[in-house]
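Here is how the chains run, residue by residue.
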Amino acid sequence: MLQRDAFSRWLALEVVALAPGACTVRMTVRDEMLNGFGVCHGGVTFSLADSALAFASNTHGRVTMSVENSISYPASVRGGDVLTAVATEETAGRRLAFYRVNVTNQRDETVALFRGTVYRTDQESGPPT
């Protein structure tokens, strides 16, 4: 999946762990990811969490897509920070599944709390890569 995801590759996202309904990814914040205040653009942190959600939710053999996501930013992120996003399935039905993604920095401080709802299609997917 990562091979086909140009944006996650642009983030320089690394898949650290992958299991059914769960995924851990990591990336380092680069200067071009900072906003005019020298803080990481919220969209970058959101994208990291969204990628973790995508990889985790597509581990069940069916193509799965986000239908609703939200995020909170309890702490700022700076250039050079190493962010780790851990996505975990909280509950799932036949069509909808709900995930929580916790994003931390290299000091294990929570910098984002993400909630995602995904829709599971009938289309089979290959194994996640």
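Residues numbered from 1 in each chain as written. Predicted model: local features only at pLDDT ≥ 70, side-chain atom pairs only at ≥ 80, totals over all residues. Heavy atoms only, no water.

Counting its secondary structure elements, the protein chain contains two helices and six strands. When the helices and strands of the protein chain are listed from N to C terminus, the series reads α-β-β-α-β-β-β-β. What you see for the protein chain is a C-alpha radius of gyration of 14 Å, in line with the 14 Å of a compact globule of 129 residues. For the protein chain, the spread of C-alpha atoms along the principal axes amounts to about 45 × 25 × 25 Å. (Helix = DSSP H or I, 4+ residues; strand = E, 2+ residues; numbered from the N terminus. Rg over C-alpha atoms; globule rule 2.2 N^0.38 Å.)

Our focus in this paragraph is the sheet that holds strand S5 (residues 96–104). The sheet built from six strands is open, its strands ordered S1-S2-S4-S5-S6-S3 with antiparallel pairing. Taken across any chain shown, the strands that pair with only one partner, and hence form the sheet edges, are strand S1 (14–19) and strand S3 (62–72). Each strand of the sheet is rotated relative to its neighbour by a mean of 20°, with strand direction disregarded. As defined by bridge partners, S5 adjoins strand S6 (residues 110–124) across nine bridges and the pair is classed as antiparallel. Paired with Val-101 across the two strands is Phe-114, which belongs to S6. (Pairing = 2+ DSSP bridges. Axes fitted to C-alpha atoms, helices over the stretch in contact; angles between N-to-C directions.)

Along an α-helix, a turn takes 3.6 residues, which lines up residues three or four apart on a common side. Over its 16 residues, helix H2 (residues 42–57) runs 22 Å from end to end, which matches the ideal 22 Å to within 8%, given 1.5 Å per residue. Those residues of H2 lying buried are Val-44, Thr-45, Ser-47, Leu-48, Ala-49, Ser-51, Ala-52, Leu-53, Phe-55, Ala-56 and Ser-57. (Expected span 1.5 Å × (residues − 1). Buried < 20%, exposed > 50% of the residue type's maximum accessible area, 1.4 Å probe, protein only.)

Below, the discussion takes up the nonpolar core. Nonpolar side chains in soluble globular proteins tend to end up buried together. Counting residues in each nonpolar core, the largest one holds 29 residues, and the members touching the most others are Val-25, Met-27, Leu-48, Leu-83, Val-101 and Val-103. Ranked by residue count, the leading element in this core is H2, at seven residues. If sequence neighbours within four positions are ignored, Met-27 has contacts with Leu-11, Ala-12, Leu-13, Met-33, Val-44, Leu-48, Asp-81, Val-82 and Leu-83. (Core = buried A, V, L, I, M, F, W, Y, C linked by side-chain atoms within 4.5 Å. Contact = heavy atoms within 4.5 Å.)

If the charged atoms of two oppositely charged side chains come close together, the side chains can form a pair. As enumerated under the stated definition, the model contains nine salt bridges in all. Among the ionic pairs, Arg-62 bridges to Asp-122, the shortest N-O distance being 4.0 Å. Here Asp-122 lies in strand S6 and Arg-62 lies in strand S3, a separation of 60 residues in the sequence. The class of Asp-122 is exposed, set by a relative accessible area of 52%. (Salt bridge = Lys/Arg side-chain N within 4 Å of Asp/Glu carboxyl O.)

We now examine the side chain of Thr-59. Within the secondary structure, Thr-59 is located in the loop between H2 and S3. A distance of 2.7 Å separates a polar side-chain atom of Thr-59 from the backbone nitrogen of Gly-21. Of note is the side chain of Thr-59, whose polar atom sits 2.7 Å from the backbone oxygen of Ala-56. (Polar contact = N/O pair within 3.5 Å; in protein donor to acceptor, adjacent residues only side chain to side chain.)

Next up on the list: the packing of aromatic side chains. Two measures describe an aromatic ring pair: the distance that separates the ring centres and the angle between the ring planes. Overall, the coordinates contain two aromatic pairs when judged by the stated rule. Where Phe-46 meets Phe-114, the ring centres are 5.2 Å apart and the plane angle is 65°; that geometry is what we call edge-to-face. Of this pair, Phe-46 sits in helix H2 while Phe-114 is found in strand S6, placing the two residues 68 residues apart along the sequence. Residue classification places Phe-46 among the partly exposed positions, given a relative accessible area of 26%. For the cation-ring pair, Arg-30 lies above Trp-10, with the distance from its terminal atom to the ring centre recorded as 4.8 Å. (Phe/Tyr/Trp six-rings, centres within 6.5 Å; stacked < 30°, edge-to-face > 60°. Lys NZ or Arg CZ within 6 Å of the ring centre and 35° of its normal.)

Moving on, we get to a nonpolar patch on the surface. Residues Val-67, Leu-96, Phe-98 and Tyr-119 make up a contiguous nonpolar surface patch of roughly 330 Å² in combined accessible area. On the basis of relative accessibility, which here comes to 53%, the residue Val-67 falls in the exposed class. (Patch = residues over 30% accessible without salt bridge, like charges linked within 9 Å, V, L, I, M, F, W, Y side chains within 5 Å. Areas by Shrake-Rupley, 256 points an atom, 1.4 Å probe, with all protein chains shown as cover.)

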